[in-house]
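Examination of the molecular architecture
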Amino acid sequence: EKWPRGFRACGFLLLNGEKMAKSTGNFLTISQAVEKYGCDASRLTLAGAGDQMTDGNFSQFEADQAILKLHSLITSCKE
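The structure contained in this document is the topic of the report that follows. (Residues numbered from 1 in each chain as written. Predicted model: local features only at pLDDT ≥ 70, side-chain atom pairs only at ≥ 80, totals over all residues. Heavy atoms only, no water.)

**Points about the overall build of the protein chain**
Heads up, the rule is: The helix count covers DSSP runs of H or I at least four residues long, the strand count covers runs of E at least two residues long, and both are numbered beginning at the N terminus. Burial status follows relative accessibility: with a 1.4 Å probe on protein chains alone, a residue under 20% of its type maximum counts as buried, one over 50% as exposed, and anything between as partly exposed. Note that accessible areas follow from Shrake-Rupley with a 1.4 Å probe, and for residues the cover is restricted to the protein chains shown. Only four residue types enter the tally: Lys and Arg on the positive side, Asp and Glu on the negative side; His and the chain ends are excluded. Here the site of a charge means atom NZ of a Lys, CZ of an Arg, CG of an Asp or CD of a Glu.
Along its length, the protein chain carries three helices and three strands. Along the chain direction, N to C, the helices and strands of the protein chain fall in the order β-β-α-α-β-α. In terms of principal-axis extent, the alpha carbons of the protein chain reach across some 45 × 30 × 25 Å. Burial status across the protein chain gives 19% buried among its 79 residues. Summed over its atoms, the accessible surface of the protein chain is roughly 6700 Å², and 55% of this surface lies on carbon and sulfur atoms. Positive and negative charge centroids in the protein chain, built from 9 and 9 side chains respectively, lie 7 Å apart.

**A few points about unusual backbone geometry**
Even without a glycine there, the phi angle at Asn-16 is positive, about 55°. Considering the arrangement of structural elements, one finds Asn-16 in the loop between β1 (13-15) and β2 (18-19).

**Topic: the sheet that holds β1**
Heads up, the condition is: A pair of strands counts as paired when DSSP detects no fewer than two bridges linking them.
Pairing within the open sheet is mixed, and its three strands lie in the order β2-β1-β3. On the outer flanks of this sheet lie β2 and β3 (56-58), each paired with one strand and no other. When β1 meets β2, the two strands line up antiparallel, connected through two bridges. Bridge pairing links Leu-15 to Glu-18 in β2.

**Overview of the packing of aromatic side chains**
The test is simple: Each Phe, Tyr or Trp ring, with Trp reduced to its six-membered ring, pairs with another whose centre is within 6.5 Å; inter-plane angles below 30 degrees give stacked pairs, above 60 give edge-to-face pairs, and intermediate values give tilted ones. Each ring is checked for a lysine NZ or an arginine CZ that lies within 6 Å of its centre and within 35 degrees of its normal; such an atom marks a charge sitting over the ring.
Evaluated as defined, the whole model comprises one aromatic pair. With centroids separated by 6.1 Å and ring planes inclined at 50°, the aromatic side chains of Tyr-37 and Phe-58 adopt a geometry described as tilted. Within this pair, whereas Tyr-37 is found in helix α1 (residues 30-37), its partner Phe-58 is found in strand β3, the two being separated by 21 residues in sequence. The pair formed by Tyr-37 and Phe-58 is uniform in burial state, with each residue classed as buried. When the ring centre of Phe-27 is taken as reference, the NZ or CZ atom of Lys-22 above it lies at 5.2 Å.

So this is what it looks like as structure tokens:
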């Protein structure tokens, strides 16, 4: 019930700088990203994926870094 009813995208979303294609195994759904990285890290990574006329790039390295940044932020806030 909290998921958006839909979303639009112009162009393609790259995964680690390469075109996503199920046939090559280079494919990640939003659900898989949330399961692997969590919703907050996935949102941060998508937000930084690109906002220009070029295709966005979901970097798994950046998603891992987002997890670490969020963990550091939570730890700092608790202290």
